[in-house]
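Observations on chain architecture
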Amino acid sequence: MYHSYKDSGSSKVESILRKMLTQAVLVALLAISETCAISDHNAVFKSPLHARAECVKYRMAQNTTLIGSPLRSDEESTCVCRCELIKLGLWDSCRGHQPEVPSDQYYDPDEEDRCYRERLRQCLRERLTPEKNQCSKSFVYYKCYNDQYGTVFLNRIGYVPSGQLKHEQIVRDCARILQLSKGDLKTIAQNPLQADKSGKCLFRCFLIREGLYSDHGGFNKERIFAQFAKKNDRE
């Protein structure tokens with residue numbers, strides 16, 4: 001069961017998207033080049049199982065039974081856990097766990113349980129202590145979610161939220177697709193995005209390549225939630 005998106009108004013969504021795009025445009029101005037491979041789109045989708053398998057391979061983990069089985073508290077397992085959360089967009093090396101990027105898409109909480117969110121937050125407050133290293137902290141995050149949040153589905157594919165570097169790359173890709181010059185991008189960055197055709201086209205291209213919009217289906221609210229939501233937006 002996927003949670004329904006709490007609609008906070010299309011104007012708010014567009015405002016957030018415009019701000020994100022404008023920031024990416026400003027950075028992309030410094031890095032536009034003439035040649036670069038462009039893929040069909042940049043949206044990434046992964047399941048926890050897929051992410052973990054990649055991490056076991058990347059880290060050359062000796063214990064391959066980590067794939068598909070509960071993670072343990074030993075060093076190898078906790079570092080695979082950190083890698084998995086990073087691959088799913090749920091962990092940031094600088095800021096730790098990402099409350100604004102929900103894990104909801106991988107879990108099915110009990111509909112009768114009204115307290116699981118508060119139990120989760122209490123678990124994180126009590127167990128995410130400063131002296132723990134990054135791998136141990138990510139394992140605490142993993143354990144608190146698994147113990148308090150409901151049934152986890154390792155094979156469920158979810159949308160992986162994009163980071164700032166990816167936003168900037170998408171702007172560069174769209175600029176090449178639309179044949180926009182540095183001057184065009186500078187003008188777009190200095191004016192409302194909907195002020196002229198170039199800004200509108202860049203905005204549309206950006207949303208499509210982020211996987212947040214299609215002409216056929218409009219805005220994908222679940223993906224927008226995964227990209228931008230605060231931890232209490234579903235409550």
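In this numbering scheme, every chain counts its residues from 1 along its sequence in written order. It should be noted that, the model being predicted, local features are given only for residues of pLDDT at least 70 and side-chain atom pairs only at 80 or more, the latter also being counted only at that level, while totals for whole chains, interfaces and linings use all residues. Derived side-chain values reflect all non-hydrogen atoms in the structure, with water molecules and hydrogen atoms excluded from consideration.

With an unreviewed UniProt entry as reference, the protein chain is termed General odorant-binding protein 45, source organism Culex pipiens. UniProt positions are given in the numbering used here, feature names are shortened, and annotations may be inferred rather than shown by experiment. The annotation that UniProt attaches to the protein chain under Subcellular location (unreviewed entry) is "Secreted". UniProt annotates the protein chain under Sequence similarities (unreviewed entry) with the comment "Belongs to the PBP/GOBP family."

A look at the overall build of the protein chain
The numbering of helices and of strands both runs from the N terminus, where a helix is a DSSP run of H or I of at least 4 residues and a strand a run of E of at least 2. Per the secondary structure count, the protein chain includes nine helices and eight strands. Each residue is placed in one exposure class: buried if its accessible area under a 1.4 Å probe, protein chains only, is under 20% of its type's maximum, exposed if it is over 50%, and partly exposed if it falls in between. Taken across its 235 residues, the protein chain has 43% of its residues classed as buried. Whether two residues are in contact is decided by their heavy atoms: any pair within 4.5 Å suffices. Counting contacts in the protein chain only where the partners sit at least 6 residues apart, residues at least 24 apart contribute 72% of the total. Per element, the accessible surface of the protein chain, about 12800 Å² overall, is 52% carbon and sulfur. To be clear on the numbers: accessible area is Shrake-Rupley with a 1.4 Å probe, and residue cover counts the displayed protein chains and nothing else.

A closer look at the pattern of salt bridges
By definition here, a salt bridge exists when the distance from a side-chain nitrogen of Lys or Arg to a carboxyl oxygen of Asp or Glu is within 4 Å. For the coordinates displayed, the defined rule picks out 12 salt bridges. Lys46 is the partner of Glu54 in a salt bridge, and the nearest nitrogen-oxygen pair spans 2.8 Å. Assigned by exposure class, Glu54 and Lys46 land together as buried. The residue Arg119 makes a salt bridge to Asp113 at a minimum N-O spacing of 2.7 Å. With a relative accessible area of 33%, Arg119 lands in the partly exposed category. Residues joined by salt bridges that share partners form a network here, namely Lys46, Glu54 and Lys87.

Observations concerning the state of the cysteines
Here, disulfide denotes a covalent bond that connects the sulfur atoms of two cysteines. Here, the term disulfide refers to a pair of cysteine sulfur atoms separated by no more than 2.5 Å. Per the counting criterion, the structure on display carries four disulfides. Two residues, Cys79 and Cys135, share a disulfide whose sulfurs are 2.2 Å apart. Disulfide Cys79 to Cys135: torsion about the S-S bond roughly 105°, handedness right-handed. Placement of the pair is Cys79 in helix 3 (residues 75–87) and Cys135 in helix 5 (residues 134–148), with a sequence separation of 56 residues. Given the relative accessible area of 13%, Cys135 is considered buried. One disulfide in the model links Cys174 with Cys205; its S-S distance is 2.1 Å. On the sign convention where negative is left-handed, the bridge of Cys174 and Cys205, at about -90° about the S-S bond, is left-handed. With a gap of 31 residues between them, Cys174 in helix 6 (residues 164–177) and Cys205 in helix 8 (residues 197–210) connect regions that are remote in the sequence.

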